[in-house]
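Architecture and fold: a report
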Amino acid sequence: YWDATLGVTVRAKLLNDVSTTNGFSGQFVPNKTNQIIGSAIQRFAIAFGANPYDPLDSNSTFDPLLVRWSDQDNPYEWVPEVTNQSGEQRVSSGSEIVTGISTRQEILVLTDTSVYSMQYIGPPFVWGFNLLDQDISIASQNAIIAVDNNVYWMGKDKFYVYNGRVQTLPCSIRQHIYSTLNGDQLAQIVAGSNEAFSEVWWFYASTGSYVNDTVVIYN
């Protein structure tokens, strides 16, 4: 079943003027990225959207469709060599990578129009990419969640689930949700789960609101 409830209070603390200094010994580490995650099983650091490796320019032009990864077990090594497993791969569908998320079997990479499966295949190519579906959308970088072995996300006009293949998630209140959310605040949408009740939650800003004040729940 589905449920949408107004009046959910979400408290956020904004931290301003906070600076940190971190030292690292790596060279050619991506200096700009949309997102970086860790592949816990294979032990890689993976950047979605990155500046490509150029031995002559450590500040190469940012590519929003480029996936780069570090050497295995070494998040400081990003220079591709025959002696390591660092590398990069550009996906071709869409205009930017919105997000990536790890599952038990693979990593899903979502652009603004497509879904890719990213699977570890070992040297020399290290990671393989398979286009799963096109003509999809995702509302925000955080509008996605992996629960058990399924991945759920909220698109810009419908909901989706991946359980080995991409499917539209039937929603009996879809028209109500998309007619009452603030389309200018899609970037704030965030997904969560309530495992005790087998629920997936999406928090979003309703019409006229600039903060997340509404939740839609899928059981």
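To be clear, the structure that these remarks concern was listed above.
Quick summary incoming for the structure in this document. (Residues numbered from 1 in each chain as written. Predicted model: local features only at pLDDT ≥ 70, side-chain atom pairs only at ≥ 80, totals over all residues. Heavy atoms only, no water.)

Moving on to the sheet that holds strand β2 (residues 33-39). Strand order in this open sheet of 4 strands is β2-β3-β4-β5, and the pairing throughout is antiparallel. One side of each edge strand has no neighbouring strand; the edge strands of this open sheet are β2 and β5 (87-90). Averaged over all pairs of adjacent strands, the angle between strand axes in this sheet comes to 20°, irrespective of strand direction. Strand direction decides the pairing type here: β2 and strand β3 (residues 44-50), joined by 6 bridges, are antiparallel. Within β3, the position partnered with Ser39 by the bridge is Phe44. (Pairing = 2+ DSSP bridges. Helix = DSSP H or I, 4+ residues; strand = E, 2+ residues; numbered from the N terminus. Axes fitted to C-alpha atoms, helices over the stretch in contact; angles between N-to-C directions.)

The strand order across the open sheet built from 4 strands is β10-β11-β12-β13, with neighbouring strands paired in antiparallel fashion. Looking at which strands have only one partner, the edges of the open sheet turn out to be β10 (144-147) and β13 (166-169). Here the average twist between neighbouring strands, direction ignored, is 25°.

In this section: the nonpolar core. Ranked by size, the top nonpolar core spans 33 residues in total, and within it Trp153, Met154, Phe159, Ile177 and Trp202 carry the most contacts. Looking at this core, the elements that each hand over two or more residues are β6 (97-102), β7 (107-111), β10, β11 (150-154), β12 (159-162), β13, α1 (174-180) and β15 (199-204). What Met154 contacts, discounting residues up to four positions off in sequence, is Ile138, Ala139, Ala143, Phe159, Ile177, Tyr178, Leu181, Ile189, Trp202 and Tyr204. By size, the runner-up hydrophobic cluster in this structure holds 15 residues, among which are Phe44, Ile97, Ile107 and Val126. (Core = buried A, V, L, I, M, F, W, Y, C linked by side-chain atoms within 4.5 Å. Buried < 20%, exposed > 50% of the residue type's maximum accessible area, 1.4 Å probe, protein only. Contact = heavy atoms within 4.5 Å.)

Take the pattern of salt bridges next. Under the criterion given, the structure shown has 3 salt bridges. Arg90 is paired through a salt bridge with Asp63; the nearest N and O atoms lie 2.7 Å apart. With Arg90 in strand β5 and Asp63 in strand β4 (residues 63-69), the pair connects residues that are 27 residues apart, well separated along the chain. Between Glu88 and Arg68 there is a salt bridge, with its nearest N and O atoms 3.8 Å apart. Here Glu88, found in strand β5, pairs with Arg68, found in strand β4; they are 20 residues apart in sequence, far enough to count as distant. (Salt bridge = Lys/Arg side-chain N within 4 Å of Asp/Glu carboxyl O.)

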